[in-house]
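The residues making up each chain are set out below.
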There are 2 protein chains.
Amino acid sequence: MVSTNLLKGSLQTIVLKLLKENGRMYGYEITKKVEELTAGKVILTYGALYPVLHKLEAEGSVVTESENHKNRTRIYYSLTRAGQSIMKEKMKEMKEFLDAISQILNPSPGFNHV
Amino acid sequence: MVSTNLLKGSLQTIVLKLLKENGRMYGYEITKKVEELTAGKVILTYGALYPVLHKLEAEGSVVTESENHKNRTRIYYSLTRAGQSIMKEKMKEMKEFLDAISQILNPSPGFNHV
DNA sequence: ATTATATATATAAGTAAATTGAATATGCAA
DNA sequence: TTGCATATTCAATTTACTTATATATATAAT
């Protein structure tokens, strides 16, 4: 499993992006989706995920609908317009970060040896 | 500037990798190198960097040599064998993390619409 | 002269964002 | 009737930073 402390700071972005790609989702479903997408390499713990969902709701980035499925409550989350715009910003930041990281960790091969 | 909270968890790896690429370096030099490599987008603060360097030394991943340059102390850090092996592990984890992130954030285009 | 900027390291206090662990509750398969 | 999957919640703790402050010298600008 991927060292989860690398996830610090990226969890909000991941959640927002998944909601964008998949429409409304509930918490448990999000953890399963992440497991699936990463072939079991990334496990979102509930202690990490639910506080993020609650925070996004408090901020107005997502809205919720409670539904009952086999006597269990599912709380569906979906992006608001504000949430979509925040997602776009976060995705932009994330891409810059990934570029920066790759500049540091994968220095242009052949370039420093001319 | 890249939102620095995205760096959480990657700082140790960055430092270890830079020491591998550049041989021995001192703290101030490391911050300048990161600035240079990322075109000023990532600024390592000293409050983040020096504790990491001290931790790496305490763990035996790096060793230090103090030198005097223009009446200022420079503390050069270089990788030990143990540090090189830890760097390799961390780089592997980092790559898996980056792969995982890109699976989540850049779902295979065209694949979900067949 | 003196002010500002660059070089160089250190550490304490505070905060954000996780981890870990426990609690609650139901459906279904072995 | 035991265990696993489903589904959410929250408190206590830990990690890994940020922010702010301190110390000290060299050099360029005004």
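See the structure printed just above.
Residues numbered from 1 in each chain as written. Chains lettered and ligands numbered in written order. Predicted model: local features only at pLDDT ≥ 70, side-chain atom pairs only at ≥ 80, totals over all residues. Heavy atoms only, no water.

Colleague: Looking at this structure, how should I read the protein's contact with DNA strand D?
Modeller: Taken together, the neighbourhood of DNA strand D is formed by 28 residues, with Tyr28(A), Tyr50(A), Arg72(A), Gly9(B) and Asn71(B) sitting nearest. By atom count, sugar and phosphate contribute 76% of the portion of DNA strand D lying within 4 Å of the protein. The separation between a base oxygen of DNA strand D and a polar side-chain atom of Arg72(A) is 2.6 Å. Within the side chain of Thr45(B), one N or O atom sits 3.1 Å away from a phosphate oxygen of DNA strand D. Contributions of two or more residues to the surface near DNA strand D are made by α2 (27-37), α3 (46-59) and β3 (72-79) of chain A together with α3 (46-59) of chain B. For the surface near DNA strand D, the residue count by class is eight nonpolar, twelve polar and eight charged. (Near = heavy atom within 4 Å. Polar contact = N/O pair within 3.5 Å; in protein donor to acceptor, adjacent residues only side chain to side chain. Helix = DSSP H or I, 4+ residues; strand = E, 2+ residues; numbered from the N terminus. Nonpolar A, V, L, I, M, F, W, Y, C, P; charged D, E, K, R; others polar.)

Colleague: How should I be thinking about the relation of the copies chain A and chain B in this particular structure?
Modeller: What connects the two chain copies is a rotation about an axis and a shift along it. Note on the identical chains: chain A maps onto chain B by a rotation of 179° and an axial translation of 0.0 Å, with an RMSD of 0.1 Å. As the rotation angle and translation indicate, the two copies are arranged about a two-fold axis. Across chain A, the smallest distance between a C-alpha and the rotation axis is recorded for Lys8(A), namely 2.9 Å. (Least-squares fit on C-alpha atoms with pLDDT ≥ 70 in both.)

Colleague: Please explain the pairing of β3(A) as it appears in this structure.
Modeller: Across a regular strand the side chains alternate sides, sitting on one face of the sheet and then on the other. Residue and element names in this part refer to chain A. The sheet contact formed by strand β1 (residues 25-26) and β3 spans two bridges and is antiparallel. Of the residues in β3, the one forming a bridge with Tyr-26 is Tyr-76. Two strands pair when backbone bridges link them, and strand β2 (residues 62-69) and β3 are joined in this way by eight bridges, in the antiparallel orientation. The partner of Ser-66 across the bridge, within β3, is Ile-75. What sits between β2 and β3 in their antiparallel hairpin is a turn of two residues, with Lys-70 showing a positive phi close to 50°. (Pairing = 2+ DSSP bridges.)

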